[in-house]
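Summary of the model geometry
For reference, the chains in residue letters:
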Amino acid sequence: MAQKRDQLDRETLCCSICLDLLKDPVTTPCGHSYCKNCIQTHWDGEDEKRSHSCPQCRQAFTPRPVLLKNTMLAAVVEELKKTGLQAAPADHCYAGPEDVGCDVCTGRKLKAFKSCVQCVASYCEKHLQPHYDVAPLKKHKLVEPSQKLQENMCSRHDEVMKMFCRTDQQCICYLCSLEEHKGHDTVSAAAERTERQRELEGSRLNIQQRIQDGEKDVKLLQQEVEVINRSADRAVEDSEKMFTQLIRLMQKRSSDVKQQLRSQQESEVSRVKELQEKLEQEITELKRKDADLKQLAHTEDHNQFLHNYPSLSPLSESTLSSSINIPLRYFEEVTAAVSQVTDELQDVLREKWTNISQTGTEVDVLLSAEPKTRAGFLKYSRDITLDPNTAYTQLLLSEGGRKVTVMRQHQSYSRHTDRFTFWDQVLSRESLTGRSYWEVEWSGAAVCVAVAYKNISRAGGGLECAFGYNDKSWELHCDNNRYTFRYNKVHTPISGPPSSRLGVYLDHRAGVLSFYSVSHTMTLLHRVHHTFSQPLYAGVGFDSSGDTAEFCKLK
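Residues numbered from 1 in each chain as written. Predicted model: local features only at pLDDT ≥ 70, side-chain atom pairs only at ≥ 80, totals over all residues. Heavy atoms only, no water.

The protein chain carries the name Tripartite motif-containing protein 16-like in an unreviewed UniProt entry, which gives Cottoperca gobio as its organism.

Structure below.
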């Protein structure tokens, strides 16, 4: 009865607007009471209307009523405050659709503060108090409010499941342990929880240790990134300085050669002009002498002719014409020397500076042109070994993994997800990036020399697994009479000299894949230009038993 009266006092003395105890209570003409500030604020929002209404009964007032303090109600509120009466719970204290409500509250339920596993009930803070005050209830297990308490009840015996069956790995009640779980390994749920808790803590410690190790590794990787960036920046700066010096040296040499050529040009021109002047003087003298002789030849007086004839000086031989020798070209020696220096410099760039090794990664610099000779290809030779986990079961690999032979019988390979299950194919262990070159010696009816991505399909006889019939592999098919290149189901006939040895050159970064016929010379069979998105693996495939292929050791 006291509880109901207390609840009635709360509802009577609370403002229906703020849901708290009345403060400066005022009463409207219709008899309802509110906090003065609450009702004034409410009506302030209605000032634009011609009438004002009561928030509870909706009675309208025109004009806006003048509110006076309800002194008697204010006195009652103040008196009840002294006795400990508190404000009615605000709306957020009541349980909503998503909340766990108190199982003891009647009418509108308050939110549960705790749930009791033994009582299988949830309590608000007030109704939970006996679990703190009553001795038997103090031993109950209190947990955070839960809507799943019924899951702790045995659906068969309607008893709390306080035991755990390790045999069947499930929670059970005491009666279950005496019936269908009789003879099983059973313990209390608390004991099993303790054991599992210990395992959980161990797992957490392991995870936390791995987190710490991972964070250390992340810091180390961050440091490595910083080192890489610093090293790259320093290398770029140093390279720019060295290339600038090299360019300046080349410009200096070019200027020296130009100056030398101009100086030699000036000297040669001066020499020729000097000879030209002397020759012109000699010609002038000869013309004068010819005129004298002509005049003497026309003298009619014999005596006069004979008298003057001895006075003519004898004609001297020319010393200039015999020394003139016009070469077909000038300065060929200088041009040849510059040409030789240019060729030697290009050879140095091609052979010495094509690949700059930095932090273990091959970076193509300056020249990415494909080699022209077999010696040039051999600089990029790779040791290729075959992966037995990828080999079709009728392929026999040699001990070193370089040679493969097609057998009539299936070999005793273990099951592996990387294995080709239908096509007579095998891939290399090594992934190929950068520049690579290898050669394959083959015999038999035919062989397929290929490269493929690692994610090429392996299981089944579909074309998605066959070299050259999808967008994940490139293949050169060879028999004794002809060559055929295949990619993504497109077949391209290739002409070329037959050979039992084939060379494959890959420049992964430049997107170049070339196939060569190798004998005493190298003949290009086919070249592919493609942007490779993944590392590639070398591979071979066959058509019939007895065929063999061996990856040659080139170093």
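From this point, the discussion proceeds with the structure in view.
What follows covers the overall build of the protein chain. Each helix and strand in the protein chain was counted, giving 10 helices and 25 strands. For the protein chain, the proportion of its 555 residues judged to be buried stands at 30%. Here the contacts in the protein chain between residues at least 6 apart in sequence split such that 54% fall between residues at least 24 apart. Of the roughly 36500 Å² of accessible surface on the protein chain, 52% is carried by carbon and sulfur atoms. (Helix = DSSP H or I, 4+ residues; strand = E, 2+ residues; numbered from the N terminus. Buried < 20%, exposed > 50% of the residue type's maximum accessible area, 1.4 Å probe, protein only. Contact = heavy atoms within 4.5 Å. Areas by Shrake-Rupley, 256 points an atom, 1.4 Å probe, with all protein chains shown as cover.)

Moving on, we come to unusual backbone geometry. Most peptide bonds take the trans form, and the phi angle of most residues other than glycine is negative. Cis rather than trans, the peptide bond between Thr62 and Pro63 has omega equal to 0 degrees. Considering the arrangement of structural elements, one finds Pro63 in the loop between strand E4 (60-61) and helix H3 (71-82). At Gln169, a residue that is not glycine, the phi angle is positive and equals roughly 55 degrees. The topology assignment puts Gln169 in the loop between strand E8 (163-165) and strand E9 (170-172). Backbone geometry at Lys489 places phi at a positive 75 degrees, although glycine is not the residue there.

What follows is about the pattern of salt bridges. Inspection of the entire model under this criterion finds 22 salt bridges. The closest approach of N and O atoms between Asp256 and Lys252, which form a salt bridge, is 3.0 Å. Of this pair, Asp256 and Lys252 both sit in helix H7 (residues 189-297), separated by 4 residues, roughly a single helical turn. Residue Lys252 is classed as partly exposed on the basis of its relative accessible area, which comes to 45%. Here Arg288 makes a salt bridge to Glu285, at a shortest N to O gap of 2.2 Å. Of this pair, Arg288 and Glu285 both sit in helix H7, 3 residues apart, which is roughly one turn of the helix. With a relative accessible area of 43%, Arg288 lands in the partly exposed category. In the salt-bridge network here, residues are joined through shared partners; they are Arg374, Glu439, Glu441 and Arg501. (Salt bridge = Lys/Arg side-chain N within 4 Å of Asp/Glu carboxyl O.)

The strand order across the open sheet built from 6 strands is E15-E24-E17-E18-E19-E20, with neighbouring strands paired in antiparallel fashion. Both outer strands of the open sheet, strand E15 (425-432) and strand E20 (490-494), are each paired with one neighbouring strand and no more. Neighbour to neighbour, the strand axes of the sheet diverge by 20 degrees on average, direction disregarded. (Pairing = 2+ DSSP bridges. Axes fitted to C-alpha atoms, helices over the stretch in contact; angles between N-to-C directions.)

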